[in-house]
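# What the coordinates show
Take a look at the letters that make up each chain.
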Amino acid sequence: MLSYKRQIEIKKSAEKAHQTIMGPNVDNENLATYFKSAGLAVINADLSDLAATAYTLYNMDKDQPQIVVENALNHRDWIYMLAKELGQLILGWDYQVNQDNPQVIERVRQESNQVDDIDILDYPFSDGSCQLSTSNPTEAEADLFAEYFLVPDATAQPILQDLDWQTLSMARLIQKFSLIYFINDHIARNRLTTLIQEVSQSK
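Remember, it's a predicted structure, so these values are computed and weren't measured experimentally.

Two measures describe an aromatic ring pair: the distance that separates the ring centres and the angle between the ring planes. Here the structure, examined in full by the defined rule, presents three aromatic pairs. For the ring pair Phe 35 and Phe 149, a centre distance of 6.3 Å and an interplane angle of 75 degrees mean the geometry is edge-to-face. Placement of the pair is Phe 35 in helix H2 (residues 31-37) and Phe 149 in helix H5 (residues 137-150), with a sequence separation of 114 residues. Across this residue pair, the class does not change: Phe 35 and Phe 149 are buried. Measuring from centroid to centroid gives 5.5 Å for Phe 177 and Tyr 181, while their planes differ by 35 degrees, and the two rings are tilted. Within this pair, Phe 177 and its partner Tyr 181 are both found in helix H7 (residues 170-181), separated by four residues, close to a single helical turn. Of the two residues, Phe 177 and Tyr 181, neither departs from the other in class, the shared state being buried. One aromatic cluster is present, formed by Phe 35, Phe 145 and Phe 149 through successive ring pairs. If you follow Arg 76 out to its NZ or CZ, it ends over the ring of Phe 182, 4.3 Å from the centre.

What counts and how
Residues numbered from 1 in each chain as written. Predicted model: local features only at pLDDT ≥ 70, side-chain atom pairs only at ≥ 80, totals over all residues. Heavy atoms only, no water. Phe/Tyr/Trp six-rings, centres within 6.5 Å; stacked < 30°, edge-to-face > 60°. Helix = DSSP H or I, 4+ residues; strand = E, 2+ residues; numbered from the N terminus. Buried < 20%, exposed > 50% of the residue type's maximum accessible area, 1.4 Å probe, protein only. Lys NZ or Arg CZ within 6 Å of the ring centre and 35° of its normal.

And the structure:
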């Protein structure tokens, strides 16, 4: 369980990142384009035989992070993984660089025609048998960062007010936020719960 203080720190980091990368825009559907404009390469790859949904690589030749995401994910989950990987980079955890994973490095080179010197950072988000526990603090931090990055208060509170939220059911609000922010229903519910509480307390 993240402390309230840590939650606020992550929220601020996520919203600052959103402002820097996307400004006032809410079109998360085009998140990869914003990332590329900010100097973050995004690569699609078939990671099915690696039991992973995303990795962050560091291209030392280009001095640039490269986020590799499983191309079989539906687009909303694909966007979410981009945001989680960004959280990994921005929150600044102490990663170990692993140069002994030729299988992954070779796969990325094949997928992206990448032949430069690449190190793999040793923290794949995995699914199936390799998935980290949801109680793991680092996983919780990444989840929270992604949610606030994709749905920052600065844009979400005005949208909520414009929707006349008190007259709508939670199911209807979730549907609207999912469409507006191009997120799945789980993220929409989490953010709406917090937003409604904040807006109600401000009255």
